[in-house]
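# Fold and contact review
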Amino acid sequence: MTAHIARTEAADSRPFPAPRVDSEVGPLRTVLLHRPGAELKRLTPRNNDQLLFDGVPWVDRAQEEHDAFAEVLRGRGAEVLLLADLLVDALHDDRARIAGIHSAVNERRLGIDLADALRSHLTSITPEQLATALMTGMTFEELPAAEGASLVRKMHHPIDFAVDPLPNLLFTRDSSVWVGDRVAITSLALPARDRETALTDLIYAYHPRFRKTGRAYGAHSAPVEGGDVLLLAPGVLAIGVGERTTPAGAESFARSALADGLAHTVLAVPITQERATMHLDTVCTMVDRDAVVMYPAVRDSLFAFPVRSDGDGGVVVEDRRPFLDAAAEAMGIDRLRVIDTGLDPVTAEREQWDDGNNTLAVGPGLVVAYERNVETNARLEDAGVEVLRISGSELGSGRGGPRCMSCPIDRAPLV
């Protein structure tokens, strides 16, 4: 216990910068990534659909691609934080250990006796081992031995999951969103991702770096995911409403942001509820302070409901308007420049599927994109946007691009 206290006090004394994110394109200072690990090795043709992957990735290559992605960001001056490292640090706090174990042990599924044995085991292991178990999951054959018979263990196949793995941790964008100087822990829609927010939550609650961070969006009852939240400009948010974020989730997030003074306008943007357009950032991302890359099939059909404060603690929901017009007005500019994905309908559809729209801005007019989206990248460069290309042959098997794989924690203000 003395060593734990000394470690915590030393960590608390470190001068961490105060995080703040006010836009999509301010120069990136600090970003949270998750290097893919053993949780991806849990994917098989039998379970990859259930775990939301379109295939079984080659894990070693996925790690190489992710390492290269991280190096590109570091090369442009960004500090890269890795989720697994933060999780281990947080788990040195006994309160974080309790929270992590509670999130992993499902007594209704395992039964009282087996759940108690698993809790006892997880309590006895090191923070590094616990972090691995929380991320990678555990099969029934990996559970600790317990006294007496267990019908639950006997009636499950040894390779069935007693604690589900979290392969989608790779997509750090979804489980938390920074708006101004506050972090919002989101509510993920699908069961395969339910525990991700529990890990993100304990990191922000117990890691010394974030203990003084304020929270936004206190209600987690309705689904809202970070891939649907775009910070178009300081004070202007767009929230996609579709497969992963519900109208109730968007409204709850909007009310919170408006009440806290984090935004003056929130645009609720309906999108098609299908795999190819699971989040708003699969059809549209900011690439410069006045420019977006957008899937041309939705350019003219995308609309928005502007939501603003009524000045008395409530909100005003305005009639729907074309998204591009509503966004430009809220941002205080004449128009948003639009760079289309691809040159023709077939190419546009292919490159949208391969996350051609899912770019990560490292600064105004400077983005990271998958190298395979050749025509979209060429169009970006023709429009004056510098493209830092990365490989994503294996990383893309979970249907996510550079923006999906990154959670900006600190950006310099736009000047």
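What you see as residue numbers is a count from 1 along each chain, following the sequence as written. Where local features are concerned, this predicted model is filtered to residues with pLDDT of at least 70; where side-chain atom pairs are given and counted, the filter is 80 or more; whole-chain, interface and lining totals use all residues. Processing note: side-chain calculations cover all non-hydrogen atoms of the structure and skip hydrogens and water entirely.

## What about the packing of helix 3 (residues 83-90) against helix 7 (residues 127-136)?
The cut-off we apply is this: Orientation is described by axes fitted as lines to C-alpha atoms, over the contacting stretch for helices, and by angles from 0 to 180 degrees between their N-to-C directions. A run of H or I in DSSP counts as a helix once it spans at least four residues, and a run of E counts as a strand once it spans at least two, with each numbered from the N terminus. Roughly parallel covers angles under 35 degrees, roughly antiparallel covers those over 145, roughly perpendicular covers 65 to 115, and oblique covers all other angles. The sense of a crossing depends on the near helix, which, turned anticlockwise from the far helix by less than a right angle, makes the crossing left-handed and, turned clockwise, makes it right-handed. We call two residues in contact when some of their heavy atoms are within 4.5 Å. Residues were grouped as follows: Ala, Val, Leu, Ile, Met, Phe, Trp, Tyr, Cys and Pro as nonpolar; Asp, Glu, Lys and Arg as charged; and all remaining residues, including Gly, as polar.
Two elements in contact, helix 3 and helix 7, have axes separated by 8 Å at closest approach and are oriented at 125 degrees. By the angle between their directions, the pair helix 3 and helix 7 is classed as oblique. Along this stretch, helix 3 crosses helix 7, giving a crossing that reads as right-handed. Across the interface between the two elements, Leu83, Ala84, Leu87 and Val88 of helix 3 pack against Pro127, Glu128, Ala131 and Met135 of helix 7. Taken together, the residues of the contact of helix 3 with helix 7 break down into seven nonpolar, no polar and one charged.

## Brief notes about the sheet that holds strand 17 (residues 360-363)
Short version of the rule: What makes two strands pair is DSSP finding at least two bridges between them.
Spatially, 17-18-19 is the arrangement adopted by the three strands of the open sheet, whose pairing is mixed. The sheet is open, and its two borders are formed by strand 17 and strand 19 (386-390), each paired with just one other strand. Each strand axis lies, on average, 30 degrees off the axis of its neighbour in the sheet, ignoring direction. In this sheet, strand 19 lies alongside strand 18 (residues 366-370) in parallel orientation, the contact comprising five bridges. Bridging from a neighbouring strand, Val367 pairs with Val387 of strand 19. Sitting on the sheet, helix 14 (residues 374-382) is in contact with strand 18 and strand 19, with an inclination near 155 degrees to strand 19.

## Things to note about the UniProt feature "active site" (unreviewed entry) in the protein chain
Definition in use: UniProt positions are given in the numbering used here, feature names are shortened, and annotations may be inferred rather than shown by experiment. Using a 1.4 Å probe on the protein chains alone, a residue whose accessible area is under 20% of its type maximum counts as buried, one over 50% counts as exposed, and one in between counts as partly exposed.
Mapped onto the present numbering, the UniProt feature "active site" (unreviewed entry) falls at Cys404. By the secondary structure assignment, Cys404 is in the loop between strand 19 and strand 20 (407-411). With a relative accessible area of 4%, Cys404 lands in the buried category. Excluding anything up to four places from it in sequence, Cys404 contacts Leu170, Phe171, Thr172, Arg173, Asp281 and Asn358.

## With respect to the sheet that holds strand 11 (residues 284-288)
Pairing is mixed in the open sheet, where three strands are placed in the order 11-12-16. Because the sheet does not close on itself, it has two edges, and the strands there are strand 11 and strand 16 (337-340). Each strand of the sheet is rotated relative to its neighbour by a mean of 30 degrees, with strand direction disregarded. Where strand 12 (residues 291-294) lies against strand 16, four bridges are found, and the strand directions are parallel. Considered in strand 16, the bridge of Ala291 is made with Arg337. Contacting strand 11, strand 12 and strand 16, helix 14 crosses the sheet at an angle of about 150 degrees to strand 16.

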